[in-house]
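Survey of secondary and tertiary structure
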Amino acid sequence: MWESTGRFVLHYRVALLLLLAAATGFMVWQASKVELSYEFSRAIPVDNPKYLEYQAFKKKFGEDGNLLVIGVQTDKLFTQAFFNDYQQLNEHLRKIKSVEDVLSVPSAVNLVKDSNAEKLRAVPIFPAGPLDQQTIDTCAAVFHNLPFYKGFLYNPQTHTYLSALRINREVLNSARRTAVVREITDTCEAFSARQHTPLHYSGLPLIRTNVADRIAREMRWFIIGSLLLSALILLIFFRSLSTMVLSLAVVIIGVVWSFGTLHLLGYKITLLTALIPPLIIVIGIPNCIYFLNKYHHSFQDTGNKREALVKMVGKMGIVTLFCNIAAAIGFAVFALTKSAILQEFGMVAGINIMVIFFISFILIPCVLSYLPPPKERHMRYLNNRWLLSVLDRLEVWSVNHRQLIYGITGVCLVFAIAGMFRLRSEGFIVDDLPKTDRIYTDMKFFEHHFKGVMPLEILVDTKQKNGFRKNPLQTFEHMDSLSAFIARQPEMARPLSVVEGMKFVRQAYYDGDSSNYGIPNSFDISFLASYLNARTNPGDTAKANNFTKLVSSFIDSSKQYARISVNMADVGSKRLPELLQTLEKKSGEYFDSTKYEVHFTGTSVTFLEGSAFIINGLKESILYAFLLIALCMLYLFRSFKILLCSLIPNVIPLVITAGVMGWAGVRLKPSTVLVFSVALGIAIDITIRFLVNYKQEQKGSDRSVQQIVIDTIHSTGISIIYTSLVLIAGFVIFCFSGFGGTQSLGWLTSLTLIVATITNLTLLPALLLSLIKKKNI
């Protein structure tokens, strides 16, 4: 059948090449329209309760992750030259397009009691500059007398000050945010250079923008690096420029198709999907090596180019097809998870791994039919003395030292299983960034001085419209008690809510005496109620009351819901559930469940839920991949003994990799769990190629099982070693990534493939000799 297919391909080579060219041209057009994703990865299903709670919160109060914060640590902020320049910096930041508001020390306001009008006025603490030193000192004294800003805009113990910029949400989800963030940082760096004082930046807008931009840069370099490395290895192996160009053409077309598939399916480039093009190169090159290796073997045997091409397709067509099916399964199983980001990755990778098979199946024999026959130097690698000596040693080990192979394997498994018990699952929002990266170090700066910048939102539901008008004092006391408990947690900053605004109002009502910064009592409650009803006249923006803005942003228009906003450290997926459980328990003590509902949401909660979904989805995908690959192997070989022989050498590398992770302290997180399904799908290729060659050697032969195994080692060993080197080298490229997760994918997958190559060339032959006693199994 496959030899007939080979003759068909050669007979209709012109039509097939034109069809491939036309389809690739269409995919080039589609690929030109693919975009980079500027949104948070959709790790949670849209029907998940946590996702629904978060969307409901955003509908009521808007985005919670649109603040970019700038920090400065100095004891000369209130000196004339520094303060005036700092004030001017904040004014420049406010004028940047898409910056909706800036909250900082120079823009802070005070509430001043107007006895004649019987209301409070919001007035700037610091007048428009430039200011003289006496004015700055006077205003600074007023500022430091306002507990509202303590821990929020400044840390008095460390002389650290913060500016918070609110960025337009639509801009954050578009390519324009790169220019906006760059303009902000450039403006700040100019100030930093003038004052010889470093500034620190953090917040989700900055993190998301930098990560997205790095993804784009790394994707380009990985593609270039993969192509150059593949070209070098091919040139060393085959010593033929035309063979190298042909192989590169196969994978370049595959890369174009992968980008085109992304756009056709309506997906964008994310941290995961950016890995697909270089993966296509890494997986596509072995296809080329196996086809070319068989072509050279066949030409060496027959001396006839056309016959060698037909034999190449006949022998390697089914092998390469099932190898690509197995690899595609390793990726496509991610599409069975409930995580959108994994579904996109699995769908696109699975489709394009099969596409690269058809590209190589058509392009390689058709183009080779036009090229001159291979020369002696092109096939010299078939008689490489060093590799032949390695294969001779493998033969001796498999035939004469099976018990030793089993013993060493058993010792390695014991070591690995012991390491697996040391594995722990934990992830962080900026987990994949190096500890020396400025994003990471700046985030730690804010965690040290302000307890973090990661948003956590607490939604208090009174279960009825105008619920905050009914007995508001009691409700505010409950909110204040919960806020005080939160503020005592070492990983959480002082919460901000309408309660803090009420305390500010009370202080202002008592002529700015800081000792009166507290919850209004029953005597003050009527005064408090009038401010809850405060409104700003449309168009009267010049006199807009900042306190009114505060009230409206922390209590919804129906007066049923209120939010408590908390900034916290990036505590990780292990500590965060413990904190949330503690807070939920404490909120149950303060809020009667018959009158209130308290929900915890925000980016921190959705991150936790998303990480759990991804990790659980990846664990499920390993099981799916194992079962589907087992079914493919059973269909291909129709023997339970061979199925057993095929699975054992591929399960062991996964166990050893998990053990190494445990001993090395590598945590289970989305980027590391990903390794197992990917490595299983790729490593099983080696097994399929070995066993298919074993069956082909066995067919119609009266040789013993031992002799067939020996012949199979020598006929497939060289191509297995070469393709394993290509795969390992291809994944090693990922070790040069700036993201820890991509680095882990690189070295852990390379480790798995190294072990899989060893087990498939030693343990697999030993198992065949031990389990297969008859020739026709």
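The coordinates are above.
Our subject in this report is the structure included herewith. Per chain, residue numbering runs from 1 following the sequence as it is written. Per-residue local features of the predicted model are confined to residues with pLDDT of at least 70, and side-chain atom pairs are confined, for both listing and counting, to 80 or more; whole-chain, interface and lining totals are unaffected and use all residues. Side-chain numbers here rest on the full set of heavy atoms in the structure, without hydrogens or water.

As for the overall build of the chain
Filter applied, for reference: Numbered from the N terminus, helices here are DSSP runs of H or I no shorter than four residues, and strands are runs of E no shorter than two. Using a 1.4 Å probe on the protein chains alone, a residue whose accessible area is under 20% of its type maximum counts as buried, one over 50% counts as exposed, and one in between counts as partly exposed. Only heavy atoms enter the contact rule, under which two residues are in contact if any of them lie within 4.5 Å. The Shrake-Rupley method, run with a 1.4 Å probe, gives the accessible areas here. Residue values count only the displayed protein chains as cover.
In terms of helices and strands, the chain carries 26 helices and 10 strands. Its C-alpha atoms put the chain at 110 × 50 × 45 Å along the principal axes. Classification of the 777 residues of the chain by burial places 58% in the buried group. In the chain, the proportion of contacts linking residues at least 24 apart, taken out of those at least 6 apart, comes to 80%. Summing over all exposed atoms, the chain offers an accessible surface of approximately 32600 Å²; the carbon and sulfur share of this is 59%.

Topic: the packing of helix H10 (residues 276-302) against helix H12 (residues 340-370)
For any two helices packed against each other, one specifies the inter-axial angle together with the distance between the axes. The following threshold applies: Axes here mean lines fitted to C-alpha atoms, for a helix over just the part in contact, with angles spanning 0 to 180 degrees between N-to-C directions. Definitions for this section: a left-handed crossing has its near helix turned counterclockwise from the far helix by less than a right angle. A right-handed crossing has that turn clockwise. Residue polarity follows a fixed list, in which Ala, Val, Leu, Ile, Met, Phe, Trp, Tyr, Cys and Pro are nonpolar, Asp, Glu, Lys and Arg are charged, and the others, Gly among them, are polar.
Closest axis-to-axis distance for the H10/H12 pair is 9 Å, and the angle between their directions is 30 degrees. Between H10 and H12 lies a crossing of right-handed hand. Residues Ile276, Leu279, Ile280, Ile283, Gly284, Asn287, Cys288, Phe291, Leu292 and Tyr295 of H10 touch H12, and the partners they reach there are Phe345, Val348, Ala349, Asn352, Ile353, Ile356, Phe357, Ser360, Phe361, Ile364 and Leu368. Per-class residue counts for the contact of H10 with H12 are 17 nonpolar, 4 polar and no charged.

Considering helix H20 (residues 572-590)
Basically, it comes down to this: A helix is expected to span 1.5 Å multiplied by its residue count minus one. Arc, as used here, means the arc of the directions from the helix axis to the C-beta atoms.
Counted at 1.5 Å a residue, the expected span for H20 with its 19 residues is 27 Å, and the 27 Å between its end C-alpha atoms agrees. Looking at H20, one finds that the buried residues are Gly572, Ser573, Leu576, Leu579, Leu580, Leu583, Lys586 and Ser587. End-on view of H20: buried residues confined to an arc of 150 degrees, all on one side of the axis. Exposed residues on H20 whose side chains face more than 90 degrees from its buried face are Gln581, Lys585 and Glu589. Packing partners of the buried residues in H20 comprise strand S8 (454-461), helix H16 (472-487), strand S9 (561-568), strand S10 (597-601) and helix H21 (603-637).

A word on unusual backbone geometry
The phi dihedral of His159 is positive, around 55 degrees, even though this residue is not glycine. Among the secondary structure elements, His159 is positioned in the loop between strand S5 (154-155) and strand S6 (160-167). What makes His159 partly exposed here is its relative accessible area of 38%. Positive phi, close to 60 degrees, is recorded for Asn466, a residue that is not glycine. Examined against the element boundaries, Asn466 turns out to sit in the loop between S8 and H16.

A word on the packing of aromatic side chains
Threshold: Ring geometry is summarised as follows: Phe, Tyr and Trp rings, the Trp one being its six-membered ring, pair when their centres sit within 6.5 Å, and such pairs are stacked at plane angles under 30 degrees, edge-to-face over 60 and tilted between the two.
Throughout the structure, instances matching the rule amount to 30 aromatic pairs. Taking 6.2 Å as the distance between ring centres and 20 degrees as the angle between the ring planes, the aromatic pair formed by Phe78 and Phe126 counts as stacked. A residue pair is termed long-range when its members are at least 10 positions apart, and Phe78 in the loop between strand S1 (67-73) and helix H4 (80-95) and Phe126 in the loop between strand S4 (119-124) and helix H5 (133-144) qualify at 48 residues. Seen from their ring centres, Phe148 and Tyr149 are 5.1 Å apart, and the 90 degrees between their planes marks the pair as edge-to-face. Just as Phe148 is buried, Tyr149 falls in that class too.

So far we have only geometry, and geometry alone does not tell us how the molecule works.
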